[in-house]
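Descriptive structure summary
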Amino acid sequence: MALRIDGKKISTEIKDELKVKVEAYKEQGIDICLAVIQVGNDPASSVYVGNKKKACEYIGIRSLAYELEESVTQEELLSLIKTLNEREDVNGILVQLPLPKHIDEDVVIRAIDPKKDVDGFHPYSVGALSIGEEGFVSCTPAGIIQLCKRSGIEIAGKECVVIGRSNIVGKPISMLLLRENGTVTVCHSRTKDLKEVTKRADILVVAIGKPKFITKEYVKDGAVVIDVGIHRNENNKLCGDVDFDDVEPVASAITPVPGGVGPMTIAMLMNNCVEAVKLQK
Ligand code: NAD
């Protein structure tokens, strides 16, 4: 029977540990603050932003919410970011993506002070990760490493295969697995004979964005399977990139969707807000 990696439980553990750290900072007169900017009122973004605010409240971080009209200009958004960069009481700045088409996301991400880049998307943060320097690591990949570590899954020396090479998941998780001394292979849409590669994996991380794409034919007996995908079917039910029922019997450990990788993203965002204080000192 595969171990079901419980992301809900592990993320709560992390948030409870952070609560203690936040309290200790408060005793030193440091009140950690995250600024969250949302442009427009896309319902999915509103849910994500709401969850981030709730997590801040839970661990005792102050959150500032900026809800800007869909029609806001890029200059107005950049000007707000500049103000928040300069404010000493703000430790983290997060711009909820995606942004409306008239705003260039890359320009916006680059405008955030790397010392406040709690999403870890700034090229400075990405560069720091790739050369092993201190900096913010993007939240979903950082969460995957915590899921493994806190479930007793050894990464060092293991064959790790990542499917997907996006900037927010595939590439950073590959760098992190490498940092943990895994032997890492990255697959993508142009990989030839995907099954042949994924069958070698002791740890298989799936971030393709295609519902139930990975079946047991892609998985080695006893592999650890981490499913990053999130999809909602016609009945409003969530599923991942992995066909859970098919793969669970052959895996040694597997993350469910929901309740696996998903809850870790916000926990690691909170962790980055707390780490921000150290980086800013
Ligand atoms: P993306 O669309 O940016 O990237 C998908 C990657 O999969 C690409 O690199 C592509 O080359 C690869 N790919 C596509 N089809 C393939 C195929 N047939 N064979 C091999 N590789 C293939 O996606 P993303 O932003 O990395 O997100 C992936 C999934 O993870 C999505 O379902 C997304 O919703 C989910 N996601 C979840 C969280 C979370 O917090 N749990 C965070 C980010 C993304």
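Numbering of residues begins from 1 in every chain and follows the order in which that chain's sequence is written. In keeping with the predicted nature of the model, local features appear solely for residues at pLDDT of at least 70, side-chain atom pairs appear and are counted solely at 80 or more, and the whole-chain, interface and lining totals rest on all residues. Just so you know, side-chain values use all the structure's heavy atoms and leave hydrogens and water out.

Some points on the pairing of strand β5 (residues 159–163)
- Exposure classes here rest on a 1.4 Å probe applied to the protein chains alone. A residue is buried below 20% of its type maximum, exposed above 50%, and partly exposed in between. Elements are defined by DSSP. Helices are runs of H or I of four residues or more, strands are runs of E of two residues or more, and each kind is numbered from the N terminus. Most of β5 sits out of view: four of its five residues are buried.
- Bridge count between β5 and strand β6 (residues 183–187): five bridges; the pairing is parallel. The residue bridging I163 from the neighbouring strand is C187, located in β6.
- Assignment of crossover handedness uses the view with strands pointing away from the viewer, where a clockwise path from the first strand over the helix to the second indicates a right-handed crossover. For the handedness criterion, the β-α-β arrangement of β5, helix α7 (residues 170–179) and β6 is classed as right-handed.
- Strand pairing is defined by DSSP finding a minimum of two bridges between the two strands. Of the pairings in the sheet, the one linking β5 to strand β7 (residues 203–206) comprises four bridges and is parallel in character. Looking at the pairing, C160 lines up with I203 of β7.

As for the packing of aromatic side chains
- Only centres within 6.5 Å qualify two rings of Phe, Tyr or Trp (six-membered ring in Trp) as a pair; their planes then separate them into stacked at under 30 degrees, edge-to-face at over 60, and tilted for everything else. This structure, assessed with the given rule, holds one aromatic pair.
- Consider the rings of F213 and Y218, whose centres lie 5.8 Å apart with planes at 45°: the pair is tilted.
- Stacked on the ring of Y58, the Lys or Arg K15 has its end atom at 5.7 Å from the ring centre.
- Two conditions define a charge sitting above a ring: the NZ of Lys or the CZ of Arg must be within 6 Å of the ring centre, and it must be within 35 degrees of the ring normal. The ring of Y58 has K19 sitting right over it, with the charged end atom 4.0 Å from the ring centre.

Considering helix α2 (residues 43–59)
- What a helix should span is 1.5 Å times the count of its residues minus one. Its 17 residues give α2 an end-to-end C-alpha distance of 25 Å, which sits within 8% of 24 Å, the value for a rise of 1.5 Å per residue.
- Two residues qualify as a contact provided that any one of their heavy atoms is within 4.5 Å of a heavy atom in the partner residue. Its buried side turned inward, α2 meets α1 (7–27), β2 (33–39), β3 (62–68), β4 (92–95) and α10 (262–280).
- Just downstream of α2 lies G60, where phi reads positive at about 95°.

Description of the sheet that holds β5
- The six strands lie next to each other as β1-β11-β8-β7-β5-β6, forming an open sheet whose pairing is parallel. The sheet is open, and its two borders are formed by β1 (3–4) and β6, each paired with just one other strand.
- As paired elements, β7 and strand β8 (residues 224–227) share four bridges and run parallel to each other. Bridge pairing in β8 places L204 opposite V225.
- Whenever a helix is involved, its axis is fitted only over the stretch in contact; in every case the axis is a line through C-alpha atoms, and angles between N-to-C directions fall within 0 to 180 degrees. Taken strand by strand, α7 contacts β5, β6 and β7, and its axis lies near 170° from that of β5.

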